[in-house]
Amino acid sequence: MNFCTVHAPGTVANLVCGFDILGLCLNEPADKMEIKLLDERKIIVRSADGYPLPEDPALNTAGAPLLEMLKDIDANIGFEVLIHKRIKPGSGAGSSAASAAGAVVGANYLLNNRFTKQQLIQYAMFGEKVASGVKHADNVAPCIYGGITLIRSINPLDIIPLPAPDLFVTLVHPQIEVRTADARAVLRQQVELKKAIRQWGNIAGLVAGILQNDIDLIGRSLEDHIIEPVRSILIPGFAELKKKCLDAGALGGGISGSGPSIFMLSKDETTAHKIEDEMKQVYTELQIDFHTYVSKINKDGARIV
Ligand code: HSE
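Residues numbered from 1 in each chain as written. Predicted model: local features only at pLDDT ≥ 70, side-chain atom pairs only at ≥ 80, totals over all residues. Heavy atoms only, no water.

A few words now on the overall build of the protein chain. For the protein chain, the helix and strand inventory stands at 10 helices and 11 strands. Computed over C-alpha atoms, the radius of gyration of the protein chain comes to 19 Å, within 12% of the 19 Å expected from 2.2 N^0.38 for 305 residues, which places it in the range of a compact globule. When contacts within the protein chain are restricted to residue pairs at least 6 apart in sequence, those whose partners lie at least 24 apart make up 74%. As displayed, the protein chain offers around 13,100 Å² of accessible surface, 50% of which is attributable to carbon and sulfur atoms. For the protein chain, the separation between the mean place of its 31 positive charges and that of its 35 negative charges on side chains is 3 Å. (Helix = DSSP H or I, 4+ residues; strand = E, 2+ residues; numbered from the N terminus. Rg over C-alpha atoms; globule rule 2.2 N^0.38 Å. Contact = heavy atoms within 4.5 Å. Areas by Shrake-Rupley, 256 points an atom, 1.4 Å probe, with all protein chains shown as cover. Lys, Arg positive; Asp, Glu negative; His and termini not counted. Charge placed at Lys NZ, Arg CZ, Asp CG, Glu CD.)

Take the site of the ligand next. If you check the shell around the ligand, you find Ala13, Asn14, Phe19, Asp20, His136, Asp138, Asn139, Thr180, Arg184, Arg231, Gly257 and Ser258 and nothing else. In the environment of the ligand, a nitrogen atom lies 2.5 Å from a nitrogen or oxygen atom belonging to the side chain of Asp20. Within the side chain of Arg184, one N or O atom sits 2.7 Å away from an oxygen atom of the ligand. For the ligand, whose unbound accessible area comes to 260 Å², protein coverage reaches 97%. The residue makeup of the shell around the ligand, split by class, is two nonpolar, six polar and four charged. Residue assignment places the shell around the ligand across two domains, with domain 1 (3-163 + 300-304) and domain 2 (168-296) each supplying three or more. (Near = heavy atom within 4 Å. Polar contact = N/O pair within 3.5 Å; in protein donor to acceptor, adjacent residues only side chain to side chain. Nonpolar A, V, L, I, M, F, W, Y, C, P; charged D, E, K, R; others polar. Domains from an automatic or database assignment.)

We now examine the packing of aromatic side chains. Following the criterion strictly, the structure yields one aromatic pair and no others. Aromatic side chains Phe115 and Tyr123 sit 5.3 Å apart centroid to centroid with 85 degrees between the ring planes, which places their arrangement in the edge-to-face category. On the basis of relative accessible area, Tyr123 is assigned to the buried category, the value being 6%. Of note, Lys135 hangs over the ring of Phe126, and the distance from its end group to the ring centre comes to 3.9 Å. (Phe/Tyr/Trp six-rings, centres within 6.5 Å; stacked < 30°, edge-to-face > 60°. Buried < 20%, exposed > 50% of the residue type's maximum accessible area, 1.4 Å probe, protein only. Lys NZ or Arg CZ within 6 Å of the ring centre and 35° of its normal.)

Once that is clear, we can look at the packing of helix α1 (residues 63-71) against helix α2 (residues 95-110). Closest axis-to-axis distance for the α1/α2 pair is 8 Å, and the angle between their directions is 35 degrees. Every pair of crossing elements has a handedness; the one defined by α1 and α2 is right-handed. Counting all contacts with α1, which are made through Pro65, Leu66 and Met69, the residues of α2 involved are Ala100, Ala103, Val104, Ala107 and Asn108. Considering only residue class, the contact of α1 with α2 consists of seven nonpolar, one polar and no charged. (Axes fitted to C-alpha atoms, helices over the stretch in contact; angles between N-to-C directions. Left-handed = near helix turned anticlockwise from the far one by under 90°.)

Attention now goes to the nonpolar core. If you look at the biggest cluster of nonpolar residues, it comprises 70 residues, and the most contacted ones within it are Leu24, Leu66, Met69, Phe79, Ile121 and Leu265. It is α2 that provides the largest number of residues to this core, a total of nine residues. Those residues in contact with Met69 that sit more than four places away from it in its chain are Val104, Ala107, Asn108, Leu111, Phe115, Leu120 and Tyr123. (Core = buried A, V, L, I, M, F, W, Y, C linked by side-chain atoms within 4.5 Å.)

A few words on the environment of Ser96. Its location among the elements puts Ser96 in helix α2. Once the C-alpha coordinates of Ser96 and Ala58 are considered, the two residues, 38 residues apart in sequence, prove to be 14 Å apart. Setting aside residues no more than four positions away along its own chain, Ser96 makes contact with Thr61, Glu128 and Ala131.

With that settled, consider the domain arrangement of the protein chain. Under the domain assignment, the protein chain is made up of domain 1 (3-163 + 300-304) and domain 2 (168-296). Of note, the centres of domain 1 and domain 2, computed from C-alpha atoms alone, are 24 Å apart. Summed over both sides, the interface of domain 1 with domain 2 buries roughly 2,500 Å², with 67% coming from carbon and sulfur. Area buried by domain 1 at its contact with domain 2 is led by Val16, Cys17 and Phe19, which between them contribute 26% of it. One can count one salt bridge joining domain 1 with domain 2. Between Arg184 and Asp20 there is a salt bridge, and its shortest N-O distance comes to 2.7 Å. (Buried area = accessible area lost by both parts, 1.4 Å probe. Salt bridge = Lys/Arg side-chain N within 4 Å of Asp/Glu carboxyl O.)

Below, the discussion takes up the environment of Asp268. With respect to the helices and strands, Asp268 occurs in the loop between β9 (262-266) and α10 (269-285). Spatially, the C-alpha atoms of Asp268 and Gly249 are 10.0 Å apart, while their sequence positions differ by 19 residues. Polar side-chain contacts of Asp268 include one of 2.7 Å to the side chain of Thr271.

Spatial ordering of the open sheet is given by β8-β9-β7-β10, a layout of four strands whose pairing is antiparallel. The outermost strands of the open sheet, each flanked by one partner alone, are β8 (252-255) and β10 (290-296). Across this sheet, the average inter-strand angle for adjacent strands is 15 degrees, counted without regard to direction. Relative to β9, β8 runs antiparallel, the two sharing four bridges. Along β9, the bridge assignment pairs Gly253 with Met264. (Pairing = 2+ DSSP bridges.)

This is how it looks when you write it as structure tokens:
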């Protein structure tokens, strides 16, 4: 077999309190990627939708991970990748991670799955480095494993897949671009101890809530005292939208990854759609174009279709 198609889904990183260490996988939005095995040591990445992509694969979020993978392969092979981009770059919904994870999942399939998921995450993080200047795994790990993942450490890599509760995710993407690198540059480098204590209480509460399937504990742990107060300033309507969604019955939520997308978790589909209506109303009133998605937590991650 020398060709495959990959469904590479979006992801929500951070899950409010877990900056760089927690993430979940969505069903929608998702990219489609077509991957071909070549008989020369070459990586080619092309866009099916006319997005301008860097010619040098080392500067591309799908190309850089494949170049790293090739270093561990002693054979005259390469890959050609055609990306159908549905997850907008700069949306906070894991666009770069979908390209990086989708590329390595597809390439691995064409190599009879010779690499483990942990190895694929190691390769995929090189794509995140291209996109944001730093390696982080809170999008690529849930994209590759599916469900919810905890990244205890990236060096050495220590990923803990968590059971995914049967919750619904509502996501709104206001059509403004926030580059992850910029959203990281605004963060303070020091954290006050009393804020850190509240933050790690919430992270522990969230992980315990996920493990015990305690939905109310999950909801009350979705609080962020460190990142959200700084980054939310970059997102028009954030405070109003969050309040309206909580009043409408959302368990909790906040900035998706580095924004500007905002996500909310709900117990059932009816509430998830009510939340979607609230989101639509806020951005319609602000006259900002937007897209909304309602999705269950995707338990499979990137997959061959
Ligand atoms: N954890 C990263 C950040 C995710 O918040 O900068 C970027 O999608």
